[in-house]
Structures are given as C-alpha cells and as structure tokens.
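Listed below are the residues making up each chain.
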Amino acid sequence: ERDGVSLLRRQCLALSGAGVQDAVVVLGYYAQRIRQAVNDMTLQWQINPDPNEGQEASLRLGLQALPPDVDAVLVLLADQPLIEAQDIQDLIAAYAQRPAPTQLVRPVVHGLPGNPVMFSRSVAQEILAGPPTMGGRQWQQQTPEQVHRWPTTNGHYRADVDSPEDLLALAQQTGLQLRWPEDLQRN
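The notes below deal with the structure included here. Because the structure is predicted, anything quoted here is derived from the model rather than measured.

**Examining the layout of surface pockets**
Phase 1 of the analysis: In this model, the second largest pocket occupies a volume close to 180 Å³.
Phase 2 of the analysis: Surrounding the second largest pocket, Leu 82, Gly 155, Arg 158, Ala 159, Asp 160, Asp 166, Ala 169, Leu 170, Gln 173 and Thr 174 form its lining.
Phase 3 of the analysis: Split by residue class, the lining of the second largest pocket holds four nonpolar, three polar and three charged.

**Digging into helix α5 (residues 121–129)**
Phase 1 of the analysis: For α5, the set of buried residues is Val 123, Ala 124 and Ile 127. With its buried residues spanning 100° around the axis, α5 presents them on a single face.
Phase 2 of the analysis: Considering only its buried residues, α5 is in contact with α3 (55–64), β3 (72–75), β6 (117–120) and α6 (136–142).

**Observations concerning the pattern of salt bridges**
Phase 1 of the analysis: Counted according to the given criterion, the structure contains four salt bridges.
Phase 2 of the analysis: In this structure, the salt-bridge partner of Arg 9 is Asp 40, at a minimum N-O distance of 2.4 Å. Highlighted residues: Arg 9 in helix α1 (residues 7–17) and Asp 40 in the loop between α2 (31–35) and β2 (44–47), separated in sequence by 31 residues.
Phase 3 of the analysis: In this structure, the salt-bridge partner of Arg 10 is Glu 84, at a minimum N-O distance of 2.7 Å. With Arg 10 in helix α1 and Glu 84 in the loop between β3 and α4 (85–96), this pair connects stretches of sequence that are 74 residues apart.
Phase 4 of the analysis: Accessibility expressed as a relative area gives 17% for Arg 10, which makes it buried.
Phase 5 of the analysis: What emerges from the salt-bridge pattern is a single network uniting Arg 2, Asp 3, Arg 10 and Glu 84.

**Concerning the packing of aromatic side chains**
Phase 1 of the analysis: Inspection of every chain in the model, using the stated rule, returns two aromatic pairs.
Phase 2 of the analysis: Aromatic pair Tyr 29 and Tyr 30: ring centres 6.5 Å apart, planes at 50°, arrangement tilted.
Phase 3 of the analysis: Exposure remark for Tyr 30: the relative accessible area of 68% places this residue in the exposed category.
Phase 4 of the analysis: Between Trp 150 and Tyr 157 the ring centres are 5.5 Å apart and the planes differ by 65°, which places this aromatic pair in the edge-to-face class.
Phase 5 of the analysis: The class of Trp 150 is buried, set by a relative accessible area of 16%.
Phase 6 of the analysis: Given a relative accessible area of 1%, Tyr 157 falls into the buried group.
Phase 7 of the analysis: Across from the ring centre of Tyr 95, 3.9 Å away, lies the NZ or CZ of Arg 98, which sits over that ring.

**Concerning the packing of α1 against α4**
Phase 1 of the analysis: One way to put it is that α1 packs onto α4 with a least axis distance of 8 Å and a crossing angle of 50°. One way to sum up the angle between α1 and α4 is to call them oblique. With respect to the hand of their crossing, α1 and α4 are arranged in right-handed fashion. Contact with α1, carried on its side by Ala 14, Leu 15 and Gly 17, involves Ala 85, Ile 88 and Gln 89 of α4 and no other residues of that element.

Thresholds applied
- Residues numbered from 1 in each chain as written.
- Predicted model: local features only at pLDDT ≥ 70, side-chain atom pairs only at ≥ 80, totals over all residues.
- Heavy atoms only, no water.
- 1 Å grid on protein atoms, 1.4 Å probe; cavity = no way out; pocket = protein on both sides within 12 Å on 5 of 7 lines; lining within 4 Å.
- Points joined across faces, edges and corners; volume = space filled by probe spheres on them.
- Nonpolar A, V, L, I, M, F, W, Y, C, P; charged D, E, K, R; others polar.
- Buried < 20%, exposed > 50% of the residue type's maximum accessible area, 1.4 Å probe, protein only.
- Helix = DSSP H or I, 4+ residues; strand = E, 2+ residues; numbered from the N terminus.
- Arc of directions from axis to C-beta.
- Contact = heavy atoms within 4.5 Å.
- Salt bridge = Lys/Arg side-chain N within 4 Å of Asp/Glu carboxyl O.
- Phe/Tyr/Trp six-rings, centres within 6.5 Å; stacked < 30°, edge-to-face > 60°.
- Lys NZ or Arg CZ within 6 Å of the ring centre and 35° of its normal.
- Axes fitted to C-alpha atoms, helices over the stretch in contact; angles between N-to-C directions.
- Parallel < 35°, antiparallel > 145°, perpendicular 65-115°, else oblique.
- Left-handed = near helix turned anticlockwise from the far one by under 90°.

Here it is in structure tokens:
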C-alpha cells in the first residue's frame, strides 16, 4: 500500500484518470486477497491458474480477454508505485506519435527499459499466435525494428518493487514508504 491505498487500486485509478476504458486484471497467487482491494471497481478479471509459468502466461491470458474492437493495448505492472495518470497519458501520446512502422512503444529512461508498454492490436495477435512462451519481451527481441524506444527522463517508468531491496531503494530515493495492508503486517 502507498498512503493506505493498494498499489493495484492506484494503478486502476491512474488508468481511469488517463482515459483508459477497458481494464483486464490478471491475478495469480493470492488472487482472492488481492481482488478485495478493488472489488468495488468495474474490471475484467482473469486468473492465471499456474502463476509459475511466468509473465508470458499472464500476458497471454490478458490479451485473450480483450474485446475484439481494441486497437491498442497498454500493459501495466501493478508493482509500479510511482505511475500516475499523467505518466499513462504521456505514454499514450508517445504511442500516437510513434514513427512508422513501429508497433510497440517502450519508455527508455537513461538507456534502461521501463514500463508500462503500449502496442497495436496486431502485436497482440502475433503474440497470441506464437508459442506459449511468446510474450512481449520475446516479441520485441524478434522484431526490434517494430519497437520504438521512447526516450524519457521520467523515472516513474523504471520504479517497481519486486523485492524487499526494491522497497528499501525506493524509500531511500524518494522517501516513499510502502506498507503491507494492516492485516498482513508481521509483528
């Protein structure tokens, strides 16, 4: 949680604030507990029955759940505590202005890849047509000429919290203290 609000709720609010209309949330471990944080929001849910398969499996489940008329996909990670609506709006604008023939926009902060990413429906279809191990990273490696590496100085695109060390680094860099929900805190 950041300031008493779950990171998932913050991401959903950022998406909504940026004008993103349809959101598919893919959950794995602790799905029931995590879903409680946003049960009051209108979201489409997908459960990854085997989270050990990795991010590719979760991405594919999310892509399969998209409405057929979606022309672009924004893939956002729930563990990015600094992402705000403006960051998403900036990415959407970069996608709209991407050079032809690129189909995917990835923020690059000081030479390092960031998230979220945004790509065309055709990229989603190519990922789904590929083998089960095909995900966004693999697609980018296979088709680098279709990837626009959008240079930005916005560090929000690089901040995520995958480990206790990431939490500590975030606190040291920003002063931001993330906390587990009260009922999950250890004494």
